[in-house]
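Structural description and commentary
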Amino acid sequence: MKGPRDIQDTNGPAPAGPFTASERDAVYRAIRLRRDVRGQFRPDPIDPAQLRRLLQAAHDAPSVGLSQPWNFILIRDPAVRRCLHDAFQAANAEAAELFPGRKALYSALKLEGILESPVNLCITCDRTRGGAHVLGRTHDAATDLYSTVCAVQNLWLAARAEGIGVGWVSIFRQDDLRRLLHLPDHVVPVAYLCLGHVSELYEEPELMARGWADRLPLDDLIFEDAWNRPGTA
């Protein structure tokens, strides 16, 4: 009879090493050229196999304690999307009042593609997934939310590699999203995304191109050993 040590672990570690130069460059290119898409969507549908690859990329994200707290709600019903668009417009009108010195510029920005994009997707976090005690979450309850954001980023980078645009619509009252998507109390809407083919993208983030903000210098953000101690990298 074979003991535990005699049974080969087929799921154990595998050889590690860097990607090839072209593979590595492709990863960094997707990161560098990822954009938040608002107004460049084309109406043609996303191929189901392509959409499945994007959802699989999201599902391949790391998660605290392998809890995989995410769910993916695909929103295609025009009536539901119109209600969500109305909810966005109400929240956006409130948000515009918070930037009195820049209200004209704010109002000129297109901040969603809810009705134009062929697919809307809400990625949620089930705060009960994995039970009362999740490995790695015992001392920071928010790590399940961070895990879900990792899934969002995975999908976003995979979409860029596939030529699919993604726009994150964050200007919602959470109560509106919960009501319109029938979310239970223990489920948090983390990201409302618009997905679709695009013909062109901004060469730099749109908010930079439109004069809203500039990218901060990396060297100003690197500390070493403690807060505000300059570091080198």
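Going along each chain's sequence as written, the residues are numbered from 1 onward. Per-residue local features of the predicted model are confined to residues with pLDDT of at least 70, and side-chain atom pairs are confined, for both listing and counting, to 80 or more; whole-chain, interface and lining totals are unaffected and use all residues. Based on all heavy atoms of the structure, the side-chain values leave hydrogens and waters out of the count.

Section: the overall build of the protein chain
Helix and strand assignments follow DSSP, with helices taken as H or I runs no shorter than four residues and strands as E runs no shorter than two, numbered in order from the N terminus. For the protein chain, the count of helices and strands is 7 helices and 4 strands. Scanning the protein chain from its N terminus toward the C terminus, one meets helices and strands in the order α-α-β-α-α-β-α-β-α-β-α. Projected onto the principal axes, the alpha-carbon positions of the protein chain cover approximately 75 × 45 × 40 Å. Think of it in three bands: residues with accessible area under 20% of the maximum for their type are buried, residues over 50% are exposed, and the middle band is partly exposed, with areas taken using a 1.4 Å probe on protein chains only. Looking at the protein chain as a whole, 36% of its 233 residues qualify as buried. We call two residues contacting when some pair of their heavy atoms lies within 4.5 Å. A fraction of 77% describes how many contacts in the protein chain between residues 6 or more apart in sequence connect residues 24 or more apart.

With respect to the nonpolar core
We call a set of buried residues a nonpolar core when its members are Ala, Val, Leu, Ile, Met, Phe, Trp, Tyr or Cys and they connect through side-chain atoms within 4.5 Å of each other. In terms of nonpolar packing, the biggest core is built from 26 residues, with Leu84, Phe172 and Tyr192 touching the most fellow members. Contributions of two or more residues to this core are made by helix H3 (78-96), helix H6 (174-181) and strand S4 (187-197). Residue contributions to this core peak at 6 residues, all from H3. Not counting the four nearest positions on each side in its chain, Phe172 is found in contact with Leu84, Ala87, Phe88, Ala91, Ile114, Leu177 and Tyr192.

Some details on the sheet that holds strand S2 (residues 119-126)
Pairs of strands are assigned from DSSP output, requiring at least two bridges between the strands. Strand order across the open sheet formed by 4 strands is S1-S2-S4-S3, with antiparallel pairing between neighbours. Each edge of the open sheet is held by one strand with a lone partner, namely strand S1 (70-75) and strand S3 (164-169). Here the strands of the sheet are splayed against their neighbours by 30° on average, with no regard to which way each runs. One ladder, built from 6 bridges, connects S1 with S2; its direction is antiparallel. Paired with Phe72 across the bridge in S2 is Ile123. The strands that H3 touches are S1, S2, S3 and S4; relative to S1, the one it contacts most, it runs at about 105°. Each axis is a line fitted through C-alpha atoms, and for a helix only the stretch in contact is used; angles between axes span 0 to 180 degrees, taken between their N-to-C directions.

Here we look at the pattern of salt bridges
For this analysis, a salt bridge means a side-chain nitrogen from Lys or Arg found within 4 Å of a carboxyl oxygen belonging to Asp or Glu. Tallying each qualifying case throughout the model produces 15 salt bridges. Two residues, Lys110 and Glu112, come together in a salt bridge whose shortest N-O distance is 3.5 Å. Residue class for Lys110 comes out partly exposed when judged on its relative accessible area of 28%. Here Glu112 falls in the buried class, since its relative accessible area comes to 8%. Taken together, the salt bridges that share partners define one network made up of Asp36, Arg38, Glu206 and Arg210.

Comments concerning empty space enclosed by the protein
Both site types are read off a 1 Å grid over the protein atoms alone. A 1.4 Å probe that fits but cannot get out defines a cavity, while an open set with protein on both sides within 12 Å along at least five of seven lines defines a pocket; lining residues have an atom within 4 Å of a point. Grid points are joined across faces, edges and corners, and a volume is the space filled by probe spheres set on the points. Evaluated as defined, the whole model comprises 2 cavities of 30 Å³ or more. Lining the largest cavity are Arg34, Arg35, Val37, Trp156, Arg160, Ile164, Gly165, Val166 and Leu201. With 3 residues, S3 is the largest single contributor of residues to the lining of the largest cavity. Taken together, the residues that form the lining of the largest cavity break down as 5 nonpolar, 1 polar and 3 charged. Estimated volume of the second largest cavity: approximately 40 Å³. If you trace the second largest cavity, you find it lined by Arg35, Asp36, Gln40, Leu201, Tyr202 and Glu206. Split into classes, the residues belonging to the lining of the second largest cavity amount to 2 nonpolar, 1 polar and 3 charged. Each residue receives one of three labels: charged for Asp, Glu, Lys and Arg, nonpolar for Ala, Val, Leu, Ile, Met, Phe, Trp, Tyr, Cys and Pro, and polar for the others, Gly being one of them.

Observations regarding the side chain of Gln50
Here Gln50 is to be found in helix H2 (residues 48-59). Owing to a relative accessible area of 10%, Gln50 belongs among the buried residues under this scheme. Ignoring anything within four residues of it in the chain, the contact list for Gln50 reads Glu162, Ile164 and His197.

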